[in-house]
Amino acid sequence: MIIGRSLWVAGTNTWIVTGDTSECVIIDCPPDPQAILDLITAHHLIPKAIIATHGHLDHTGGIPSVSQHHPDAPVYRHPDDAHYLHNPMEMSGMLREALAATGLDLTEPELIVDLNEGDKVEGSGIQITVLHTPGHTPGSICLLSTTQSDGHVLFTGDHLFKGSIGRTDLPGGSMERLLESMKEKILPLADDLRVFPGHGGTTTIGAERASNPFLANL
């Protein structure tokens, strides 16, 4: 089962993946941790891992608080984005101001694990494989998830959206690297693979291959 909720001022999707037990994996934690904790409680779930698709604060600002409530669940992220969790206020602009206004405790979690290309997070009927897809940030990753109930699905963070792609004008962003990652890691995947992005609605690889204007020349 996949439970999703669009949260915070940036409309960031948090995704909660469950397998064949009450254990779950949380993918991205916007700075609305209480809403995430309420979802977990409502579905009687126990987080066993928290994964950040990249380090931007609208995807990680809630991680410290959720981690404090579930300290046994490791926080996974790519090492190239490690500095974001270490200093979540690094980003400038309106999102930084909005995060500061939440008054959240942003202390870096103690239990952090590096995720690199090909690494797997497994357990309780869930298998998640890491695809390193730099471009939006140096440490952006997509997550190929498999469960008995949902089959294969892809969580793309801010790499691929329905009808669009992630922005590359922030520090560390690169359009060249993003499109290269897309061509090498994402477009070879099956057309019927369902895509769960970091913002907006779900889609499929085939739909984006056919109609996403940013992918037309790949």
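What you are looking at is a predicted structure, and each value in this text was computed from that prediction instead of being measured.

Attention now goes to the side chain of aspartate 58. Relative to the assigned elements, aspartate 58 resides in helix α2 (residues 57-60). Although aspartate 58 lies buried, it forms no salt bridge, and the closest oppositely charged side chain, arginine 167, sits 8.6 Å away as judged by the N-O distance. Polar contacts involving the side chain of aspartate 58 include one to the side chain of threonine 12, which spans 3.2 Å. Not counting residues within four places of it along the chain, the set of residues in contact with aspartate 58 comprises Trp8, Ala10, Thr12, Pro30, Pro31, Leu95, Asp158 and His199.

The 6 strands lie next to each other as β7-β8-β9-β10-β13-β14, forming an open sheet whose pairing is mixed. Each edge of the sheet is formed by a strand with only one pairing partner; in this case those strands are β7 (120-123) and β14 (203-204). Where β7 meets strand β8 (residues 126-132), 4 bridges bridge the pair, whose relative direction is antiparallel. Within β8, the residue paired with valine 121 across the bridge is isoleucine 128.

On to unusual backbone geometry, then. The backbone of aspartate 28 shows a phi angle near 70 degrees, a positive value even though the residue is not glycine. Locating aspartate 28 in the fold gives a position in the loop between β3 (23-27) and α1 (33-42). Assessed through its relative accessible area of 1%, aspartate 28 is described here as buried. Notably, serine 124 is not glycine yet its phi reads approximately 55 degrees, a positive angle. Along the chain, serine 124 falls in the loop between β7 and β8.

With the rule as written, the count across this model stands at 3 aromatic pairs. Aromatic pair tryptophan 15 and phenylalanine 155: ring centres 6.2 Å apart, planes at 55 degrees, arrangement tilted. Separated by 140 residues along the polypeptide, tryptophan 15 in strand β2 (residues 12-18) and phenylalanine 155 in strand β10 (residues 151-157) bring together distant segments of the chain. You can call phenylalanine 155 buried: its relative accessible area is 1%. Plain terms: the ring middles of phenylalanine 155 and phenylalanine 196 are 5.4 Å apart, the flat faces sit at 35 degrees to each other, and that makes the pair tilted. In this pair, phenylalanine 155 sits in strand β10 while phenylalanine 196 sits in strand β13 (residues 194-197), placing the two residues 41 residues apart along the sequence. By way of ring pairs, the aromatic residues Trp15, Phe155 and Phe196 are connected into one cluster.

On to the pairing of β10, then. With 5 of its 7 residues buried, β10 lies for the most part within the structure. As paired elements, strand β9 (residues 141-147) and β10 share 5 bridges and run antiparallel to each other. Residue threonine 146 lies in a different strand from β10, and its bridge partner there is histidine 152. Once β9 ends, the chain turns through 3 residues before running back antiparallel as β10. Pairing analysis gives 4 bridges linking β10 to β13, with the strands arranged parallel. Bridge pairing in β13 places valine 153 opposite arginine 194.

With that out of the way, let us pick up helix α6 (residues 175-186). Taken together, the buried positions of α6 are occupied by Leu178, Ser181, Met182 and Ile186. For α6, the buried positions fall inside an angular range of 100 degrees around the axis, keeping them on one side. Turned more than 90 degrees away from the buried face of α6 sit Glu176, Lys183 and Glu184, all of them exposed. Those residues of α6 that are buried are in contact with β8, β9, β10, β11 (160-161), β12 (164-165) and α7 (205-211).

Reading guide: rules and limits
Residues numbered from 1 in each chain as written. Predicted model: local features only at pLDDT ≥ 70, side-chain atom pairs only at ≥ 80, totals over all residues. Heavy atoms only, no water. Helix = DSSP H or I, 4+ residues; strand = E, 2+ residues; numbered from the N terminus. Buried < 20%, exposed > 50% of the residue type's maximum accessible area, 1.4 Å probe, protein only. Lys, Arg positive; Asp, Glu negative; His and termini not counted. Salt bridge = Lys/Arg side-chain N within 4 Å of Asp/Glu carboxyl O. Polar contact = N/O pair within 3.5 Å; in protein donor to acceptor, adjacent residues only side chain to side chain. Contact = heavy atoms within 4.5 Å. Pairing = 2+ DSSP bridges. Phe/Tyr/Trp six-rings, centres within 6.5 Å; stacked < 30°, edge-to-face > 60°. Arc of directions from axis to C-beta.

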